Amino acid sequence: MTAEALLNTGDTAWILISTGLVMLMTVPGLALFYGGMSKKKNILNTIFLSLIGFSIACLIWIIYGYPLSFGQTIGGFIGIPENIFLMGISIDMIHQGTQIPELLYIVFQATFAAITVALISGAVVGRMKSKAWILFCIIWVTLVYIPIAHWVWGGGWLEQLGALDFAGGAVVHLNSGVAALALILLLGPRKDTRLLPHNLGYVVLGAALLWFGWFGFNGGSALGANGLAANALITTNTAAATGMITWAIIDIIRTGKPSILGAVTGAVAGLVAITPAAGFVDVASSIIFGATTVIVSYLAISYLKPKLGYDDALDAFGVHGMSGTWGAILTGVFANASIGGVAGLIYGNPNLVIIQIISIVAVAIYSFILTYVIGIVLDKTIGLRVNEETEVEGLDINEHKELGYRI
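Not measured: the values here are computed from a predicted model. (Residues numbered from 1 in each chain as written. Predicted model: local features only at pLDDT ≥ 70, side-chain atom pairs only at ≥ 80, totals over all residues. Heavy atoms only, no water.)

Asker: Give a description of a nonpolar patch on the surface that names residues and reports values.
Answerer: There is a patch of nonpolar side chains on the surface, built from Ile357, Val361, Ile365, Ile369, Val373 and Val377 and spanning about 490 Å² of accessible area. Mapped onto the elements, Ile357 comes out in helix 14 (residues 351–381). (Patch = residues over 30% accessible without salt bridge, like charges linked within 9 Å, V, L, I, M, F, W, Y side chains within 5 Å. Areas by Shrake-Rupley, 256 points an atom, 1.4 Å probe, with all protein chains shown as cover. Salt bridge = Lys/Arg side-chain N within 4 Å of Asp/Glu carboxyl O. Helix = DSSP H or I, 4+ residues; strand = E, 2+ residues; numbered from the N terminus.)

Written out as C-alpha cells, the structure reads:
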C-alpha cells in the first residue's frame, strides 16, 4: 500500500492546525501572559525569554532532539541518534500508528519541547541574564527535556511501566515547574518580590490565547480527527472553565471580590491539570480536575511560597509544577478504559495510581537535580543573575537597549 493510501487528509489537517495552535500558545500566548504580569521595565525581556526559548528548542529538535526522544530506545532511557538533521525522513513517510506524515508529527512535537522551556521563564523574570538564559535553554532541552520525553512518550522505561501522560502533565508541566523551582533557588529573590502586573489586559489576552491553543495541545495529541480528539477538547474546556469559576469563588470568600488575575490563573491551572488526562477521562471527571487543582495551586501560591520564601516570580512552579503533579495523580484515579483503554483506581485498578506516582517522582527528581547542576555550572562560568543596578533600572534597557513603552 502506498504512503498516499495510508494518509488520512482529515487527520493531517487537524494536526496541521493543532501544531499552529500550540505555537500560538507560546508566541504570543505565553509571551503576553507572562509579559503582562511582569513589571513595565521588564516586559520586552520577559517576552524575549519565551521567543528565544521557543526558537532554540525548535532548532535543537530538528538537529537531534526528535531522534533522541523518539528513536529506538537504548535501555529505556534515550533513543538511538539516527536521522540527525532529519536525514532519511522523506515527505512520504507516515508516522507509525497514525495516518499523518512523519514530518508533521515531528514539528507537532517540536512545539511541545518549545513551550516547556518557555514556561520555565516565568519563574526567573526580572533577574536572569539573557545570555545565561540562552545557554540554559540549549543545555536544558538537551539534557532534561529530551530524556524525559523519551521516558514517557518515546518508548522509554516509564511508558513501558504503563505511565499515562496524554499531552504533557509530567513531560511539560511538572518538568518545567520543578526546573523553575531549581533555578529560582539558585537565583535567590528579586529586590521587589511583589507580583504587580503592569498590564492586566495583556495577561487576560495571553490567557485567552493559551486556552484557545490548548485545544490543539490536548486535542491534537489524539493524532487524528476523531472521537478521542473531541473528548480531549471537551474535557480541556470543562476543566478550564471549572478552574476559573473555582478561583473566583475562593477570592470572593477570602476578599469579597473576584480577581481577574486569579480567575485567569484558575483557568490555566485547570488546563494544566487536565493535560495528562484529557484522552483518558470522561467529562464529569474533568470538573473534579478543574475544581480540586485550583485548591492545590492556590495553597501553593498563597501559603507555601511565602512560608518557604522562594521567589517564583510569575508562579511557574505554583501553577505548572503543582497542577501538573495533581493532574497526573488524578489521571491514575479517574482513567476510564472506555475512553483511553486504561482503567484507573475508581474503575478497579489502584496500581495505576502507584505507576503515576513513580512517574511523578522520577521526572521531578531528575528535572530538579539536572536543572540545579546546569544552573550551578552557568553561575560559576558566566553568571546567572544580572547586577543590582540592572535589576533596579530594568532589564529592557540594560539587556536589550530597548524599551517596551516610550512614555
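Asker: Report on the pattern of salt bridges, specifying residues and quantitative values.
Answerer: All told, the structure shown has five salt bridges when counted by the stated rule. The residue Asp315 makes a salt bridge to Lys305 at a minimum N-O spacing of 2.7 Å. Taken together, the residues span a long stretch of sequence, with Asp315 in the loop between helix 11 (283–308) and helix 12 (316–334) and Lys305 in helix 11 at a distance of ten residues. With a relative accessible area of 9%, Asp315 lands in the buried category. (Buried < 20%, exposed > 50% of the residue type's maximum accessible area, 1.4 Å probe, protein only.)

Asker: Outline unusual backbone geometry, supporting the account with residue identities and numerical values.
Answerer: Geometrically, the link from Val27 to Pro28 is a cis peptide bond, its omega value of 20° lying close to zero. Summarising the element assignment, Pro28 is placed in helix 2 (residues 9–37). Phi at Asp315 takes a positive value of approximately 65°, unusual for a residue other than glycine.

Asker: Before we move on, could you go through the nonpolar core and cite the residues and values that matter?
Answerer: Membership of the largest hydrophobic core comes to 119 residues, with the highest contact counts inside it found for Phe33 and Trp140. It is helix 4 (residues 102–124) that contributes the most residues to this core, 15 residues altogether. Apart from the residues lying within four places of it in its own chain, the contact partners of Trp140 are Thr116, Val117, Ile120, Tyr145, Asn175, Ala179, Ser367, Thr371 and Ile374. (Core = buried A, V, L, I, M, F, W, Y, C linked by side-chain atoms within 4.5 Å. Contact = heavy atoms within 4.5 Å.)

Interpretation note: all reported values are geometric properties and have no functional meaning in isolation.
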